[in-house]
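Structure assessment
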Amino acid sequence: MANLRKLRDPNAEYTMRDLSAETMGLSAEPTGPRDVKITDVQTTIVDGNYPWILVRVYTDAGIVGTGESYWGGGDAEIIDRMAPFIIGESPLDIDRLYEHLVQKMSGEGSVSGKVISAISGIEIALHDVAGKILDVPAYQLLGGKYRDEVRIYCDCHAGDESEPESNAREAERVVDELGYDALKFDLDVPSGHEKDRANRHLRGAEIQHKVDIVEAVTDVVGDRADVAFDCHWSFTAGSAKRLAAAIADYDVWWLEDPIPPENHDVQREVTQSAPTTPITVGENVYRKHGQRQLIEEQAIDIIAPDLPRVGGMRETRKIADMADMYYIPVAMHNVSSPIGTMASAQVAAAIPNSLAVEYHSYQLGWWEELVEEDDLIQQGRMAVPEKPGLGLTLDLDAVEEHMVAGETLFDEA
């Protein structure tokens, strides 16, 4: 493979898209323990229930920060491409380095997509490094905390997700045995009544099938738990409206992503037409710029950014602040390892309008083994550590054991 760190950067030769310390004329050197520089950035991909991309930022003080990019292919290569842009920089200048990477990668797609999720992984790692340098938890870097622990909602998967009673049994198990009081189930599951999978239209029998799932799950948990339902961008606007109306009489926490994510005008119409069912959107939208129309035009009832995808911790904080101006709560989408999950929890602790953070790995027996800390989620809550940075320590032996085939373990601290 080509050495991505040595690719030419044509933009730097003739544009002003460079916010490096040298270009910005930042000559004042930090004193004491703040006199730290970045020496390297590395990645390792773990084969979890998603392929998690872990990111490490190394410094000349021997302090290492760990972050996570949104899962899948491409991010690791993009991070390697960007490493030279921040080597030699102060890891404490988180906001400037984030904007620096966005500007440097503007010609390669830093409006959205894989470039932003790659930047997110670095940005999270910078919060971990900065917290360790300054000896404060990451939430302190975001303005302090509103809560000691964060509510976690469990994304549930039954044995037969198309069968209403199977979902109901799993809901009861997760509430009774695992102690969660917040759940989510999928509605974009086969009903047996489909005529055409491509046109997104829901026939009457298909809608009734989804109503049956909602009824079975909400009836069995009653007022012991809040229950949301996810559609994964599957339906037409008309079908989404009919579905929202059909479940209006049930105690649904929210209906998530009922239509494709690109057209926010249609999303506004669907949300504002739903009689009582709250609509949640945001995981497939990037940066505060992408979320702006959804918030300002009140095209959503709840915003659901995915932190390792949307731009990182500070960007999520900015989205939450913008949402709070419209009294919109934040329910963070999350399919991460413990690293990305704790990053979301740190932000959730620091914003007033946090509703909950998703947990998607309750059926993966070794999720918590990736870090040295124990009991991260107890009775549906994640305590926010008082240790510096994210408050987690990677177990490199566990990371190596669960790496994607052919992957290389990053260096120790």
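Here, every reference points to the structure presented above.
This section reports on the structure supplied with the text. Along each chain, residue indices are assigned from 1 in the same order as the chain's sequence is written. Per-residue local features of the predicted model are confined to residues with pLDDT of at least 70, and side-chain atom pairs are confined, for both listing and counting, to 80 or more; whole-chain, interface and lining totals are unaffected and use all residues. To get the side-chain values, all heavy atoms of the structure are used, and hydrogens and water are removed first.

1. Let's talk about the overall build of the protein
Quick reminder of the rule: For the purposes of this entry, the term helix denotes a DSSP run of H or I that reaches at least four residues, the term strand denotes a run of E that reaches at least two, and both are numbered from the N terminus. Buried residues are those whose accessible area, probed at 1.4 Å on protein chains only, stays under 20% of the maximum for their type, while exposed residues exceed 50% and partly exposed ones sit between those limits. We get accessible surface area from the Shrake-Rupley algorithm with a probe of 1.4 Å; when it comes to residues, only the shown protein chains can shield them. Residues scored as positive are Lys and Arg, those scored as negative are Asp and Glu, and His as well as the terminal groups of each chain are ignored. Charge positions are represented by NZ for Lys, CZ for Arg, CG for Asp and CD for Glu.
Counting its regular elements, the protein contains 15 helices and 13 strands. Judged by the C-alpha coordinates and their principal axes, the protein covers about 65 × 45 × 40 Å. Looking at the 413 residues of the protein, the share that counts as buried comes to 57%. Split by element, the accessible area of the protein, about 16,500 Å² in all, is 47% carbon and sulfur. With 36 positive and 74 negative side-chain charges, the protein shows a spacing of 6 Å between the two charge centroids.

2. Side note on the environment of Pro 190
So the rule is basically this: Whether two residues touch is decided by their heavy atoms; if any such pair falls within 4.5 Å, the residues are in contact.
With respect to the helices, strands and loops of the structure, Pro 190 is situated in the loop between β5 (182-186) and α8 (204-221). When its relative accessible area of 45% is taken as the criterion, Pro 190 is described as partly exposed. Pro 190 sits 19 residues away from His 209 along the chain, and the two C-alpha atoms are 9.1 Å apart. Apart from the residues lying within four places of it in its own chain, the contact partners of Pro 190 are Ser 162 and His 209.

3. Re the side chain of Gln 42
Here is the rule: Counted as a polar contact is a pair of N or O atoms within 3.5 Å, where, for protein atoms, one must be capable of donating a hydrogen and the other of accepting one, and residues adjacent in sequence contribute only when both atoms are in side chains.
Among the structural elements, Gln 42 can be located in strand β1 (residues 38-47). Engagement of the side chain of Gln 42 in a polar contact is seen with the side chain of Tyr 58, the distance being 3.5 Å. Ignoring sequence-local partners within four residues, the contact set of Gln 42 consists of Leu 54, Val 55, Arg 56, Tyr 58, Phe 410 and Asp 411.

4. As for the sheet that holds β1
Using the following cut-off: For two strands to be treated as a pair, DSSP must find no fewer than two bridges joining them. What counts as an axis is a line fitted to C-alpha atoms, over the stretch in contact for a helix, and the angles between N-to-C directions run from 0 to 180 degrees.
Sheet architecture is open: three strands sit in the order β1-β2-β3, paired in antiparallel fashion. Looking at strand neighbours, the two that pair on one side only are β1 and β3 (64-69), the edges of this open sheet. On average, adjacent strands in this sheet sit at an angle of 25 degrees to one another, irrespective of strand direction. Sheet topology places strand β2 (residues 51-59) next to β3; six bridges connect them, and they run antiparallel. Bridge pairing in β3 places Val 57 opposite Gly 65. Against the sheet, helix α5 (residues 113-134) engages β1, β2 and β3, with an angle of about 150 degrees to β3.

5. Concerning unusual backbone geometry
Residues other than glycine seldom take positive phi values, yet Tyr 327 does so here, at roughly 60 degrees. Residue position: Tyr 327 is located in the loop between α13 (313-324) and β10 (330-332). Positioned with a positive phi, Asp 375 is a non-glycine residue whose angle comes to about 55 degrees. Here Asp 375 falls in the exposed class, since its relative accessible area comes to 51%.

6. A look at the pairing of strand β11 (residues 354-359)
Selection rule: For a crossover, the right-handed case is the one in which the path from the first strand over the helix to the second runs clockwise, viewed with the strands pointing away from the viewer.
Most of β11 is tucked away, with five of its six residues classed as buried. Taken together, the three bridges between strand β4 (residues 149-155) and β11 define a ladder with parallel strand orientation. For Ile 152, the partnering residue across the bridge sits in β11 and is Val 357. As paired strands, β10 and β11 are joined by three bridges and run parallel to one another. When the sheet's bridge partners are listed, Ala 331 is paired in β11 with Ala 356. In the classification by handedness, the crossover that spans β10, the intervening helix α14 (residues 338-350) and the parallel β11 is right-handed.

7. Digging into the pattern of salt bridges
Two side chains carrying opposite charge are able to pair once their charged atoms lie near each other. What counts, and what does not: Criterion for a salt bridge: a side-chain nitrogen of Lys or Arg within 4 Å of a carboxyl oxygen of Asp or Glu.
For the coordinates displayed, the defined rule picks out 32 salt bridges. Lys 184 is the salt-bridge partner of Glu 256, the closest N and O atoms lying 2.9 Å from each other. Of the two residues, Glu 256 is situated in strand β7 (residues 255-256) and Lys 184 in strand β5; the sequence distance between them amounts to 72 residues. A salt bridge links Lys 387 to Glu 373; the nearest nitrogen and oxygen atoms lie 2.7 Å apart. Placement of the pair is Lys 387 in the loop between β13 (381-383) and α15 (396-401) and Glu 373 in the loop between β11 and β12 (377-378), with a sequence separation of 14 residues. Of the residues examined, Lys 387 reaches a relative accessible area of 37% and is grouped as partly exposed. Overall, the relative accessible area of 14% leaves Glu 373 in the buried class. A single network of salt bridges, built from pairs that share partners, joins Asp 155, Lys 184, Asp 230, Glu 256 and Glu 358.

8. Remarks on helix α11 (residues 287-296)
Using the following cut-off: Note that the arc is computed from the directions linking the helix axis to the C-beta atoms.
Looking at α11, one finds that the buried residues are Arg 287, Gly 290, Gln 291, Leu 294 and Ile 295. Mapping the buried residues of α11 onto a view down its axis gives an arc of 135 degrees, with all of them on the same face. Backbone geometry just downstream of α11 places Gln 298 in the positive-phi region, at approximately 50 degrees.

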